[in-house]
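# Overview (structure and organization)
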Amino acid sequence: MNPLYTVAEIRQIEEAAARRLPEGALMQRAGQAAANAALDLLPFSTSRARVLVLAGPGNNGGDALEASAHLAFAGAQITILHFAGGQPTSAEREQALQRARGSTAKFEELAPAAIAAQEWNLVVDGLFGIGLKRPLEGAMRALVDAVNALPCQRLALDVPSGLDADSGAIVGPDGAAVRATHTITFIGDKPGLHTCDGRDCAGAVQVARLDIEPTLFQSSRQHLNDVKFFSRHLRARRHNTHKGSYGNVAVIGGARGMAGAAILAARAALMSGAGRVYACFAEDAPAYDGAHPELMCRLAGDFDMDSAALAAGPGLGTGPAARAALARAIGSGSPLLLDADALNLLAAEPALQAALAERGAPVVVTPHPLEAARLLGVSVTVVQADRLSAARELAQRLRAVVVLKGSGTVLATQDGHTVINTTGNPALATAGTGDVLSGLCASLLAQGWPAWEAALAAVWLHGMAADVLVTEGAGPIGVTAGELIPAIRTALNRMVQHHAR
Ligand SMILES: NC(=O)C1=CN([C@@H]2O[C@H](COP(=O)(O)OP(=O)(O)OC[C@H]3O[C@@H](n4cnc5c(N)ncnc54)[C@H](OP(=O)(O)O)[C@@H]3O)[C@@H](O)[C@H]2O)[C@H](O)CC1
Ligand SMILES: [K+]
């Protein structure tokens, strides 16, 4: 199910496959697949299509040269910017170059201004793939900037040039990358196409496995999120049930001036199916939530932490009352989600980390990159440079399921299984959406979901709700966290209707 492979793993598969095939077969297959993907993006009358092909100095360029010959043969007007580089190239790349030279494709040298001055139907990015080793600079950067400014679609071959295929970070410092509308990636899907800058640079991703024997693909420890990972926990509701059948959630948060965060989390828990929801405030508890009187407002100090699944952190603050409430939550035997200020308190207090490590009950932590950086004792830059490793490291240290939020949220278990979420969009970049995610995940924990599947489903539904709102024209600009909550309820019920046993 949607495995992801590191560059090292791709190289292993590629080498094993190449040993079983005639020289150049893989590149020819890649070129054919690239040409087919390009044809899908061209106007019907291919003969009128003007395609700019960027062919870099390595085998990514070889793929582009193979594709150029196929597209020229299909009648498209092909212009190739060929970067031969200073290094000796592979035999298969030489063969690809000869095939391109033997076609109607034109080899030209175009300055960025000349590229911008012409009308193109498509750009094919075959500058660099998994062999990129340093930032794109000088003429390469100017070329990428000019290509990104074109109004046409851009098809990246294997990896958008300039992007790290493992991490999804633009190779820096101060690097640049092609912002492709589509990417056809070869042999196997890659994590860097789906997280950090990956979603902005790769666009719509398709995988071309190049007819490599499945036995050459070792089982992967990295996957894209998928409903199949958690659908077995979806349950249609029986008539003969009551609110106690669906568990209790207690949100622990809401310090003075931040009560709204706790309310958002509590409303999310309520509308994703928890039987009872308590909003527990570190300092002053409001009498009730006017919009949702179903919520029971309490002072955190008065609440029995063993009586509910806990979501500690939304607006909690880092004062003495907050710390006391967090210590009691960690010391309880309840399923526990930690977010926001709970994570900041945890980062500052090794004693709390030690108590967390002693817990027997499940723990889910949901940091954004800065909270993860504080917990790991590194900079945000380090976290974002390798989000998958950061999530795995944190899961091991805290013995918890980790949800590292951001574009392409990364989830990790303490034994190293890593999943990148594929739903969601910039509508989520607004205050309160993290509180909503906390309440949703705690609600699934309260309803008996295991921590890993609760986190996978919560992140999927949270992003899907944002995607539905955007599809309905209500975003991504201006969507509020509160609007996500009814959309999550709808997405959850639709998922139950389709998948529940
Ligand atoms: N091998 C096969 O049968 C198949 C390969 N596939 C495609 O091949 C690429 C990987 O090819 P590779 O040659 O390893 O790497 P790249 O083409 O990505 O680029 C490496 C060359 O680029 C130079 N380089 C690297 N960074 C820069 C930079 N910032 N500026 C300029 N030049 C750069 C590098 O030179 P060095 O000086 O660093 O040595 C290399 O010359 C893979 O992505 C696929 O597209 C097929 O998919 C499958 C078959
Ligand atoms: K590329």
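Residues numbered from 1 in each chain as written. Chains lettered and ligands numbered in written order. Predicted model: local features only at pLDDT ≥ 70, side-chain atom pairs only at ≥ 80, totals over all residues. Heavy atoms only, no water.

Within the secondary structure, threonine 46 sits in the loop between helix 2 (25–40) and strand 1 (50–55). Non-local contacts of threonine 46, meaning those with residues more than four positions away in its chain, are made with Leu39, Ala74, Gly75 and Ala76. (Helix = DSSP H or I, 4+ residues; strand = E, 2+ residues; numbered from the N terminus. Contact = heavy atoms within 4.5 Å.)

Below, the discussion takes up the coordination of the potassium ion (ligand 2). The potassium ion (ligand 2) binds to the protein through Asn60 (OD1), Asp125 (O), Phe128 (O), Leu157 (O), Val159 (O) and Ser161 (OG); the donor distances cover 2.6 to 3.1 Å. Coordination at the potassium ion (ligand 2) is irregular, judged from the 6 donor atoms that bind it and the angles of 66 to 171 degrees they form at the metal. Taken in chain order, the donor set of the potassium ion (ligand 2) reads N-x64-D-x2-F-x28-L-x1-V-x1-S. Taken as a pair, aspartate 125 in strand 4 (residues 122–126) and leucine 157 in strand 5 (residues 153–157) lie far apart in primary sequence, 32 residues in all. Considered together, aspartate 125 and leucine 157 belong to a single accessibility category, that of buried residues. (Donors = N, O, S within 2.8 Å, 3.2 Å for Na, K, Ca; no water. Tetrahedral: all angles 85-135°; square planar, octahedral: opposite > 155°, others 65-115°. Buried < 20%, exposed > 50% of the residue type's maximum accessible area, 1.4 Å probe, protein only.)

The next thing to look at is the packing of helix 15 (residues 433–446) against helix 17 (residues 481–499). It is the contact of helix 15 with helix 17, at a shortest axis distance of 8 Å, that shows an interaxial angle of 30 degrees. The angle between helix 15 and helix 17 places the two elements in the roughly parallel class. Judged by the sense of rotation from one axis to the other, the crossing of helix 15 with helix 17 is right-handed. Each of Thr433, Val436 and Leu440 in helix 15 lies in contact with helix 17, whose residues at this interface are Ala481, Leu484, Ile485 and Ile488. Classifying every residue of the contact of helix 15 with helix 17 by side-chain character gives 6 nonpolar, 1 polar and no charged. (Axes fitted to C-alpha atoms, helices over the stretch in contact; angles between N-to-C directions. Parallel < 35°, antiparallel > 145°, perpendicular 65-115°, else oblique. Left-handed = near helix turned anticlockwise from the far one by under 90°. Nonpolar A, V, L, I, M, F, W, Y, C, P; charged D, E, K, R; others polar.)

Next up on the list: the site of ligand 1. Neighbouring ligand 1 are 22 residues, the closest being Asn60, Asp63, Gly129, Arg134 and Asp158. Taking glutamate 14, its side chain carries an N or O atom lying 3.0 Å from a nitrogen atom of ligand 1. Look at ligand 1: alone it shows 930 Å² of surface, and the protein chains cover 84% of it. Elements supplying a minimum of two residues to the shell around ligand 1: helix 1 (7–19) and helix 3 (59–73). Take the shell around ligand 1: its biggest share by element is 3 residues, from helix 3. The residue inventory of the shell around ligand 1, partitioned by class, reads 9 nonpolar, 6 polar and 7 charged. (Near = heavy atom within 4 Å. Polar contact = N/O pair within 3.5 Å; in protein donor to acceptor, adjacent residues only side chain to side chain. Areas by Shrake-Rupley, 256 points an atom, 1.4 Å probe, with all protein chains shown as cover.)

When the UniProt feature table is mapped onto this chain, "binding site: K(+)" (unreviewed entry) is found at Asn60, Asp125 and Ser161. Sequence-wise these annotated residues cover 102 residues; spatially they are packed, their C-alpha atoms never more than 9.5 Å apart. Here asparagine 60 lies in helix 3. Owing to a relative accessible area of 8%, asparagine 60 belongs among the buried residues under this scheme. A polar side-chain atom of asparagine 60 sits 3.4 Å from the main-chain amide nitrogen of leucine 127. (UniProt positions renumbered as here; feature names shortened; annotations may be inferred.)

As a further point, take the UniProt feature "domain: YjeF C-terminal" (unreviewed entry) in the protein chain. Under the local residue numbering, the UniProt record ascribes the feature "domain: YjeF C-terminal" (unreviewed entry) to residues 226–495. Along residues 226–495 the backbone is 43% helical and 13% strand, and the end-to-end C-alpha distance reaches 12 Å.

Secondary-structure assignment places arginine 154 in strand 5. We note that arginine 154 is buried and unpaired, the nearest opposite charge coming from aspartate 125 at a distance of 8.6 Å. Only 3.0 Å separates the side chain of arginine 154 from the backbone oxygen of leucine 150, close enough to count as a polar contact. Of note is the side chain of arginine 154, whose polar atom sits 3.4 Å from the backbone oxygen of cysteine 152. Leave out the neighbours within four places in its chain, and arginine 154 touches Leu122, Val123, Val147, Asn148, Arg179, Ala180, Thr181 and His182. (Lys, Arg positive; Asp, Glu negative; His and termini not counted. Salt bridge = Lys/Arg side-chain N within 4 Å of Asp/Glu carboxyl O.)

All right, on to the domain arrangement of the protein chain then. Along its sequence, the protein chain is organised into domain 1 (7–220) and domain 2 (227–499). Computed over C-alpha atoms only, the centres of domain 1 and domain 2 are separated by 40 Å. If you look at the interface, domain 1 gives 8 residues, while domain 2 gives 13 residues. Interface of domain 1 and domain 2: buried area, both sides summed, is about 770 Å²; carbon and sulfur atoms make up 49% of it. It is Thr195, Cys196 and Arg199 in domain 1 that bury the most area against domain 2; as a group they hold 59% of the surface buried on that side. Across the contact surface, domain 1 and domain 2 share 0 salt bridges. (Domains from an automatic or database assignment. Buried area = accessible area lost by both parts, 1.4 Å probe.)

Moving on, we come to the pairing of strand 9 (residues 248–253). With 6 of its 6 residues buried, strand 9 lies for the most part within the structure. Here strand 9 shows a buried face lined by Asn248, Ala250 and Ile252 and a second buried face lined by Val249, Val251 and Gly253. Judged from the 6 bridges that link them, strand 9 and strand 10 (residues 276–281) form a sheet pairing that is parallel. In the strand pairing of strand 10, isoleucine 252 is matched with cysteine 280. Between strand 9 and its parallel partner strand 10, the chain crosses via helix 8 (residues 259–270), and the hand of that crossover is right-handed. By the bridge criterion, 4 bridges tie strand 9 to strand 12 (residues 309–312) in an arrangement that is parallel. The residue bridging valine 249 from the neighbouring strand is alanine 309, located in strand 12. (Pairing = 2+ DSSP bridges. Right-handed = clockwise from strand over helix to strand, strands pointing away.)

If you look at the biggest cluster of nonpolar residues, it comprises 62 residues, and the most contacted ones within it are Phe230, Val249, Val277, Val364, Leu411 and Val436. When residues of this core are traced back to their parent elements, those giving at least two are strand 9, helix 8, strand 10, strand 12, strand 15 (401–404), helix 15, helix 16 (451–471) and helix 17. For this core, the element with the highest residue contribution is helix 16, accounting for 13 residues. Apart from residues no more than four positions distant in its own chain, valine 364 is found in contact with Leu336, Leu337, Leu338, Val401, Val403, Cys441, Leu445, Ala451 and Ala455. (Core = buried A, V, L, I, M, F, W, Y, C linked by side-chain atoms within 4.5 Å.)

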